[in-house]
Amino acid sequence: LLKRIKDIRKGDVQIDTEQNIKQEQMLSEFRMEIMTILLKLVDRDATSIDKLKEISQDLLRFKMTISNEVMRMLMLPQATSGKKAQPTGDCSECDALKDISFKIENLVACADKEEGEDAQEPEADAEAAAPAEDGSSDKAAPGEVCMPPAMYAMDLISVNELIDTEIRDLYNNIVTKTDEEERQKLFKKLDDFKSLRETIDDMITKLMSQTDEEKLKKLVTRSLGRVNTELKTKLSDCQAQCGPGGCESCAADVLYDAIAKMNDYKTFFNNTDDEEAKKEFVRTDMIKYINDNNNEAREILIKKATEGAIDECEQEKSDIYKMTKAPMWMLVNTTIFSGVDELEVMVDAMITQLEELLKQYCGSDEVAPGPVDGDDGPNCEWEEYEQTKEYLIKVDEIIQESLFKAKDDSAQMTALLGFVDIQGLYDKRVKKLFEDELVCPDEVKMIKKEYMSQLNKCMAEFMNGKLKFSEMSRLQRISCTKELRNAMESRMGKLLQAELEKSLNEIEVASEANAIKSG
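Along each chain, the written sequence defines residue order, and numbers are assigned to residues from 1. Totals for whole chains, interfaces and linings use every residue, but because this is a predicted model, local features are given only for residues with pLDDT of at least 70 and side-chain atom pairs only at 80 or more, for both listing and counting. For side-chain calculations, the full set of non-hydrogen atoms in the structure is used, while hydrogens and water are omitted.

Examining the packing of helix α4 (residues 95–111) against helix α6 (residues 152–176)
Basically, it comes down to this: Here the axes come from fitting lines to C-alpha atoms, over the contacting stretch only for helices, and the angles between their N-to-C directions go from 0 to 180 degrees. Every helix listed is a DSSP run of H or I at least four residues long, and every strand listed is a run of E at least two residues long, numbered separately from the N terminus. What sets the label is the angle itself: under 35 degrees gives roughly parallel, over 145 gives roughly antiparallel, 65 to 115 gives roughly perpendicular, and the rest give oblique. Crossings are assigned a handedness: left-handed for a near helix turned anticlockwise from the far helix by less than a right angle, right-handed for a clockwise turn. Here a residue-residue contact requires only that any non-hydrogen atoms of the pair lie within 4.5 Å. Under the scheme applied, nonpolar residues are Ala, Val, Leu, Ile, Met, Phe, Trp, Tyr, Cys and Pro; charged residues are Asp, Glu, Lys and Arg; polar residues are all the others, including Gly.
Closest axis-to-axis distance for the α4/α6 pair is 10 Å, and the angle between their directions is 165°. The angle between the axes of α4 and α6 places the two elements in the roughly antiparallel class. Handedness of the α4/α6 crossing: left-handed. Along its contact with α4, which presents Ala96, Asp99, Ile100, Lys103, Ile104, Leu107, Cys110 and Ala111, the element α6 presents Tyr152, Asp155, Leu156, Ser158, Val159, Leu162, Ile163 and Glu166. Taken together, the residues of the contact of α4 with α6 break down into eleven nonpolar, one polar and four charged.

Focus: empty space enclosed by the protein
What counts here: Only protein atoms enter the calculation, which uses a 1 Å grid: trapped sets of points that fit a 1.4 Å probe without letting it out are cavities, open sets showing protein on both sides within 12 Å along at least five of seven lines are pockets, and any residue with an atom within 4 Å of a point is a lining residue. Grid points are joined across faces, edges and corners, and a volume is the space filled by probe spheres set on the points.
By the definition in use, this model includes three cavities of 30 Å³ or more. What the second largest cavity holds in volume is close to 40 Å³. If you go around the second largest cavity, the residues you meet are Ile290, Asn293, Asn294, Tyr321, Thr324, Lys325 and Met328. Secondary structure elements with two or more residues in the lining of the second largest cavity: α10 (275–307) and α11 (312–337). Per-class residue counts for the lining of the second largest cavity are three nonpolar, three polar and one charged.

Side note on the state of the cysteines
Rule in force here: Only a pair of cysteine sulfur atoms within 2.5 Å counts as a disulfide in this structure description. In this scheme, a residue with accessible area under 20% of its type's maximum is buried, one over 50% is exposed, and one in between is partly exposed, where area comes from a 1.4 Å probe on protein chains only.
As enumerated under the stated definition, the model contains four disulfides in all. The disulfide partner of Cys110 is Cys146, and the gap between their sulfur atoms is 2.0 Å. Classification of the bridge connecting Cys110 and Cys146 rests on its S-S torsion, roughly -85°, and on that basis the disulfide is left-handed. With Cys110 in helix α4 and Cys146 in the loop between α5 (122–129) and α6, this residue pair connects regions lying 36 residues apart in the sequence. When its relative accessible area of 4% is taken as the criterion, Cys110 is described as buried. Residue classification places Cys146 among the buried positions, given a relative accessible area of 5%.

Overview of the pattern of salt bridges
Put simply, the rule is: Each reported salt bridge corresponds to a side-chain nitrogen of Lys or Arg within 4 Å of a carboxyl oxygen of Asp or Glu.
Inspection of every chain in the model, using the stated rule, returns 22 salt bridges. The salt bridge partner of Lys188 is Asp192, with a shortest N-O separation of 3.0 Å. Linking Lys188 with Asp192, this pair stays in helix α7 (residues 180–208), spanning four residues, or about one helical turn. Among the salt bridges present, the one from Lys261 reaches Asp285, with a minimum N-O distance of 3.0 Å. Here the residue Lys261 occupies a position in helix α9 (residues 251–270), and Asp285 occupies one in helix α10, the gap between them amounting to 24 residues. Assigned by exposure class, Lys261 and Asp285 land together as buried. Linked through salt bridges whose partners overlap, the residues forming this network are Lys40, Lys51, Glu54 and Asp58.

Topic: a nonpolar patch on the surface
Convention followed: Patch criteria: residues need more than 30% relative accessible area and no salt bridge. Like-charged residues are merged within 9 Å; nonpolar side chains of Val, Leu, Ile, Met, Phe, Trp and Tyr are merged within 5 Å. Each accessible area value is a Shrake-Rupley result obtained with a 1.4 Å probe; residue values ignore everything except the protein chains displayed when judging cover.
Together, Met35, Leu38, Leu39, Leu41 and Val42 line one region of the surface with nonpolar side chains, adding up to about 480 Å² of accessible area. The topology assignment puts Leu38 in helix α2 (residues 23–41). Using a relative accessible area of 43% as the deciding quantity, one classes Leu38 as partly exposed.

Some points on the packing of aromatic side chains
Using the following cut-off: Centre distance within 6.5 Å is the pairing criterion for rings of Phe, Tyr and Trp, where only the six-membered ring of Trp is used; planes under 30 degrees apart are then read as stacked, over 60 as edge-to-face, and the remainder as tilted.
Counted by the stated rule, this structure contains eight aromatic pairs. An angle of 15° between the planes, with centres 5.1 Å apart, marks the rings of Trp382 and Tyr385 as stacked. Taken together, the residues span about one helical turn, with Trp382 and Tyr385 both in helix α13 (residues 380–404) at a distance of three residues. On the accessibility criterion, Tyr385 (14% relative accessible area) is buried. Every member of this aromatic cluster is reached through a ring pair, and the members are Tyr265, Phe268 and Phe281.

Quick look at α6
Going by this rule: Multiplying 1.5 Å by the residue count of a helix minus one yields the expected span of that helix.
An ideal rise of 1.5 Å per residue puts 36 Å on 25 residues; α6 measures up with 37 Å between its terminal C-alpha atoms. Regarding α6, the residues found buried are Tyr152, Ala153, Asp155, Leu156, Ser158, Val159, Asn160, Ile163, Glu166, Ile167, Leu170 and Ile174.

Structural notes on the side chain of Asp58
The condition that has to hold: Here a polar contact is taken to be a pair of N or O atoms separated by no more than 3.5 Å, where protein atoms must pair a possible hydrogen donor with a possible acceptor and residues adjacent in sequence count only if both atoms sit in side chains.
Relative to the assigned elements, Asp58 resides in helix α3 (residues 49–75). Overall, Asp58 belongs to the buried group, its relative accessible area being 12%. Here the side chain of Asp58 touches Lys40 through a polar contact of 2.5 Å, side chain to side chain.

Quick notes on the side chain of Arg491
Residue placement: Arg491 occurs in helix α16 (residues 474–518). Among residues more than four places away in sequence, those in contact with Arg491 are Glu384, Asp442, Met446 and Tyr451.

Quick notes on the nonpolar core
Where we set the bar: The nonpolar core is taken to be a set of buried Ala, Val, Leu, Ile, Met, Phe, Trp, Tyr and Cys residues, with the residues joined through side-chain atoms within 4.5 Å.
Counting 34 residues, the largest nonpolar core has Met262, Tyr265, Met286, Ile320, Leu331 and Val347 as the members making the most contacts within it. Contributions of two or more residues to this core are made by α9, α10, α11 and α12 (340–362). The element that contributes the greatest number of residues to this core is α9, accounting for eleven residues. Those residues in contact with Ile320, other than ones at most four positions away along the chain, are Ala251, Val254, Leu255, Leu357 and Tyr361. The next biggest cluster of nonpolar side chains, apart from the first, holds 32 residues, and it includes Ile167, Met203, Leu207 and Leu231.

Thoughts on the environment of Met203
Residue position: Met203 is located in helix α7. The spatial distance from the C-alpha of Met203 to the C-alpha of Tyr152 is 9.9 Å, given a sequence separation of 51 residues. Once residues lying within four places of it in the same chain are set aside, the contact partners of Met203 are Leu156, Leu219, Val220, Ser223 and Leu224.

A word on the confidence of the model for the protein
Rules: Confidence scores per residue from the predictor, reported as pLDDT, run from 0 to 100.
Per-residue pLDDT for the protein averages 76, and the proportion of residues at 70 or more is 79%. Every residue in residues 118–137 scores below 50 in pLDDT, and together they form 24 contacts with partners more than four places removed in sequence or on other chains. The low-confidence segment residues 364–378, where pLDDT is below 50, has 27 contacts with residues more than four positions distant or belonging to other chains.

Brief notes about a negative patch on the surface
Where we set the bar: A positive count includes Lys and Arg, and a negative count includes Asp and Glu. His and the chain ends are not counted in either. Throughout, a charge is located at the NZ atom of Lys, the CZ atom of Arg, the CG atom of Asp or the CD atom of Glu.
Taken together, the side chains of Asp273, Asp274, Glu275, Asp341 and Glu342 present a region of like negative charge at the surface. Looking at the secondary structure, you find Glu275 in helix α10.

Quick look at the packing of α9 against α11
One can describe the packing of α9 onto α11 by two numbers: an axis separation of 9 Å at closest approach and a directional angle of 20°. Classified by the angle between their axes, α9 and α11 sit roughly parallel to one another. Mapping the contact onto sequence places Ala251, Val254, Leu255, Ala258, Met262 and Tyr265 in α9 and Glu316, Lys317, Ile320, Tyr321, Met328 and Leu331 in α11.

Structure representation (structure tokens):
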């Protein structure tokens, strides 16, 4: 193993970089596993029964790892199979769209300014508002430099000039292309730019016939707002197609790697009928991938602790590791508790989610902040703990006021109204979690599958017209609600344990950081 790894690193062994073989990486991991087993064999108590059992289990696991790796390589598509490589362009094809999008966004932002904000001189604005040609980040943000409302039409005329140039280039490209699929893509872009030009032309006509500044602003915000949104979406899609080389975000590298891994799983699914092999392959590979990501995230955290700060690139990687960690563990859980059909659906859903994140990081929209560190604010586990505590208080009120000491049948209606209030709390929380782009998926799963399910059961029981509340025993009245309460208490205990473990890990990281400093 050592010789093979050394030959690969020296370049004596030729490798195919286009295929996802990862020979050096996998051989290094096998070497470490073998060394771990060898160290256990030379231990003083290696001959004890318990130790031998442990070593035998390690050997069996290592054998399974080798078998899975052999299966993975067998299922890799051939280089000539036409597998689409990840794009690595410089995104120059998006430059025109980026300039047009910036001009429209700037115009809408300027028109949307509060009345009384003074516009800057047109000459200065025209120069400053244009996107920097060298891609530098010191250009003005949309709305910072503005033309007077009377000059809005001139701004749009300059946009049309950009569109005309792009239409001309597209016609030239269509003439030279022979691949039908490529030609259809170019025709689609051509139609989009033509449609955009018509919209801008109509807008210019309306602006030229108006002189009142406030009406000019309203025309721009109302008519170009939708155009601005569509352009930003198209720009995001365009930049996402360029690959990491065309994306300014460091998170793109992580996301493209994750998408490639999901596509590898789909390829494996198509090349074997063994359902257990499919689940085992995804489970072992995904756990290893998550651990690798955790190690990189840990290195970033240690750097932050030792140096006091990390750069924007490292922060983006740290954020994306946190965003993808929970969904990836859900994928692992699917391989354990669900069938292959659900696993395949989950892989497709992961690809969709990762591509959406890619559009956010590679597009023009501002990326929503990732999950925050414990030092910067609440985390998913702690937020869920606090929210569940609120539900539990409400449940206890229902038990105490309506179920435990119910005097007549009116308590039944009081309990039902309390259940409706709890349902409202659940719905409000789920809505909030989805608005936050589902960075805490476990909480949504718990609310929908556990809490809401049990709550609906209790509501159905209490809405039974034949039910005589006053004739029921206390145990009968409380039993259903008690199950809901037990589910919440159990969950809170697990969340508290997770928070404790996280705190201990942070203490360990801090200790390592201090050791590094003192060393």
